[in-house]
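Tertiary structure, described
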Amino acid sequence: MASGAVDAAAEGVAALGISAGGGDEWAKPSPPLRRNLRLLSDDQVELAKMLLNQGQGHLFEHWPELGVDDDKKRSFFDQVCRLHSSYPGGLASYIQNAKKLLADSKAGQNPYDGFMPSVPSREVLTFGDDNFLSLEATGVKEARNAIFVLVAGGLGERLGYKGIKVALPRETTTGKCFLQHYIESILALQEASCKLEVECHTKIPFVIMTSDDTNALTIKLLESNPYFGMEPSQVKILKQEKVACLADNDARLALDPNDKYKIQTKPHGHGDVHSLLYSSGLLEQWKSTGRKWVLFFQDTNGLLFNAIPSALGVSATKGYNVNSLAVPRKAKEAIGGITKLTHVDGRTMVINVEYNQLDPLLRATGHPDGDANSETGYSPYPGNINQLILELGPYIEELKKTHGAISEFVNPKYTDSTKTAFKSSTRLECMMQDYPKTLPPTAKVGFTVMDTWLAYAPVKNNPEDAAKVPKGNPFHSATSGEMAIYRANSLILRKNIIIDGLSLDGALIVNSVDEAEVKVTGHVENKGWTIRHVDHKDTSEKEETRIRGFKFEKVEQLEYRELSTTVTVNQTMAGMAPEGSQFDAKNYDSKMQELL
């Protein structure tokens, strides 16, 4: 156990008059614990005192006499030590924060009481115009001074997939998983940025935050695929710990229903990434080597790297300490809205307000229609997509004050309107995007809005849940995410790939050199690729296929490589027969619509 954590525990019990010296009178309120004190080390005794001090004597009520289950009792304190050392301020701080938040929840306290919402100023980018291209060029230049941080602590259970989400195929034409795409995108930025500087040998650091659920599987995915071309030394894995569950409004820690010597735990949320980065010491190391920016992103948005260079360019040119990437958002769409909040005491902050809180907040502050679409057809409050760009220097200074602790919330499910009992245990949670809540008024906080088609197509809903999405709102399924990638790629490539008089009945693959402008014309006819429908309940198919509802069967194709100019095909050709799936070009649009 870290000495700092022991000292904190000792100070806490001393403050309540519990002696940290010899004797066992302090344990008198808990006879079962008192009978087992000889099992405990000095550090564990300090933790036991802290637990009693915080009203957690119930944890020991079932402990038998010394000599019975002694190994399990020691294991219990090993877990307490982990929970204590992994939370900023220790387990006592967690319990005290929980008591306050639970009391606020029971009282119906509004977390935005006293705040007036308004639409903050923003930088709105249009893909392909001069401003966008200029900012993108600036961002590419700045990329060599960046650090990328992926929060990947979750499994794909909500998607109907038991594995880690970053192992899912981003799209099925190549089968590349999300993690491979992210790494290859960082390496491409690394190469492009270094080309702009003589003798540049920069290797962009890549941090992955994992959890107990994803850590081993993430490492296995990296090691079994030689880190997808990235040098292993560039990748840093930071594993977050879970937090203790709470059994009632008094913040009594919940024991595991299946093991009375184990505290029940649940994930704390991706806000833990800030405390992990602080405690790792990596940020100071990177600052000393000239790094300027930290870019945070989540695990299954297949379009986000289209937007990163220009958004980084905005941060550099505007001097933002914090820059959140956002997209146009339909009113009441299930995505948080970027909002400026001004308190009656003069405090202001630009933060994400969750969609289920934004509408009542607006109605309570003089907006009778609540969260409503404007004349543009979208809400004035753009959607937060959880991609943050932080300036490294100010970020480090803020973490020195907070140790990475992020504003928390609690969401207990009560048994009835009296709010005296929970249906099941709850826990404190925190979100990565709430980092700006603790910043001083002098902090320069902004956000950048880009078209949804370019920047945002998350994969988070299984087929059944996607089918229940209200008409007009995005599905956010594996199918819709894949189709969004194809659409975005087609729009982006319009300036570089020209289809002129091409007669295509089958499959044609054109691979060009970088920055080439290719014109394709002529006639191709082969057996091509077709799309086969897959029932999402068909257990004979892999989970990653079932959640999409289709798969390609690649029967025949014609492929050209390393093109830099015009390719003309003037004959019917039988192409190569690869492994895989099928696609009938004539029926593409109708098939895609049917799948969605």
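Definitions and limits used
Residues numbered from 1 in each chain as written. Predicted model: local features only at pLDDT ≥ 70, side-chain atom pairs only at ≥ 80, totals over all residues. Heavy atoms only, no water. Salt bridge = Lys/Arg side-chain N within 4 Å of Asp/Glu carboxyl O. Buried < 20%, exposed > 50% of the residue type's maximum accessible area, 1.4 Å probe, protein only. Helix = DSSP H or I, 4+ residues; strand = E, 2+ residues; numbered from the N terminus. Pairing = 2+ DSSP bridges. Contact = heavy atoms within 4.5 Å. Core = buried A, V, L, I, M, F, W, Y, C linked by side-chain atoms within 4.5 Å. Expected span 1.5 Å × (residues − 1). pLDDT = per-residue confidence, 0-100. Arc of directions from axis to C-beta. Polar contact = N/O pair within 3.5 Å; in protein donor to acceptor, adjacent residues only side chain to side chain. Disulfide = S-S within 2.5 Å.

1. Re the pattern of salt bridges
A full pass over the atoms with the stated rule returns 31 salt bridges. Two residues, K239 and E241, come together in a salt bridge whose shortest N-O distance is 3.3 Å. Residue class for E241 comes out partly exposed when judged on its relative accessible area of 27%. Note that R532 and E541 form a salt bridge whose closest N and O atoms lie 2.8 Å from each other. Of the residues examined, E541 reaches a relative accessible area of 13% and is grouped as buried. Three or more residues are tied together by salt bridges with common partners; here these are R532, E541, K551 and E553.

2. Comments concerning the pairing of strand β17 (residues 445-449)
The element β17 is largely enclosed, with a buried count of four among its five residues. Pairing analysis gives two bridges linking strand β2 (residues 123-124) to β17, with the strands arranged parallel. Its bridge partner lying in β17, V124 is registered against V449. Two strands pair when backbone bridges link them, and strand β11 (residues 322-327) and β17 are joined in this way by five bridges, in the parallel orientation. Directly across from L325, in β17, lies its bridge partner T448.

3. As for the environment of A488
In this fold, A488 is placed in helix α16 (residues 478-492). According to the relative accessible area criterion, A488 is buried, its value standing at 0%. Sequence-wise, A488 and W453 are 35 residues apart; in three dimensions their C-alpha atoms are separated by 6.0 Å. Apart from residues no more than four positions distant in its own chain, A488 is found in contact with L303, N306 and W453.

4. A few points about the nonpolar core
In this structure, F148, L150, L179, F206, F305 and M450 are the most contacted members of the largest nonpolar core, which totals 54 residues. Ignoring anything within four residues of it in the chain, the contact list for M450 reads L125, F132, A307, S310, A311, L325, A326, V327, P328 and A455. The next biggest cluster of nonpolar side chains, apart from the first, holds 38 residues, and it includes A27, L83, Y87 and L91.

5. Topic: helix α7 (residues 178-194)
End to end, α7 covers 24 Å across 17 residues, agreeing with the expected 24 Å (1.5 Å per residue, within 8%). Of all 17 residues making up α7, 13 are buried, and the element is well covered by its neighbours.

6. Let's talk about the environment of S324
In this structure, S324 sits in strand β11. Relative accessible area serves as the criterion here: at 9%, S324 is assigned to the buried category. Remark: the alpha-carbon pair of S324 and H367, spanning 43 residues in sequence, is separated by 25 Å. If sequence neighbours within four positions are ignored, S324 has contacts with I338, N384, Q387, L388, G446, F447 and T448.

7. Notes on the confidence of the model for the protein chain
Summarising the model, the protein chain shows a mean pLDDT of 89, and 92% of its residues fall at 70 or more. Ignoring residues within four places in sequence, the model shows residues 12-21, a span with pLDDT below 50, making 15 contacts including any to other chains. Below a pLDDT of 50 lies the segment residues 573-589, which in the model reaches 53 contacts outside its immediate sequence neighbourhood of four places, other chains included.

8. A few points about helix α13 (residues 392-402)
Listed in full, the buried residues belonging to α13 are L392, Y395, I396, E398 and L399. For α13, the buried positions fall inside an angular range of 165 degrees around the axis, keeping them on one side. On its buried side, α13 packs onto β3 (146-151), α9 (272-280), α10 (282-288), β10 (293-298) and β14 (383-391). Just downstream of α13 lies H403, where phi reads positive at about 60 degrees.

9. Here's the deal with unusual backbone geometry
Non-glycine residue D69 carries a positive phi angle of around 60 degrees. Mapped onto the secondary structure, D69 falls in the loop between α3 (42-53) and α4 (70-86). Among the residues examined, D69 registers a relative accessible area of 30% and is labelled partly exposed. Although it is not a glycine, K332 adopts a positive phi angle of roughly 70 degrees. The residue K332 is located in the loop between β11 and β12 (337-343) in this model.

10. Let's talk about the side chain of H181
Examined against the element boundaries, H181 turns out to sit in helix α7. Classification of H181 as buried rests on a relative accessible area of 15%. Reaching out from H181, the side chain makes a polar contact with the side chain of R170 at a distance of 3.4 Å. Those residues in contact with H181, other than ones at most four positions away along the chain, are R170 and G302.

11. Here we look at the state of the cysteines
In total, this model carries one disulfide according to the counting rule given. Linked covalently through their sulfurs, C194 and C200 form a disulfide whose S-S length is 2.2 Å. The thiol of C81 is unpaired, and the distance to the nearest cysteine sulfur, on C245, comes to 19 Å.

12. A look at the environment of T539
Here T539 lies in the loop between β21 (529-533) and α17 (543-546). A C-alpha to C-alpha distance of 28 Å links T539 and E556, two positions 17 residues apart in sequence.

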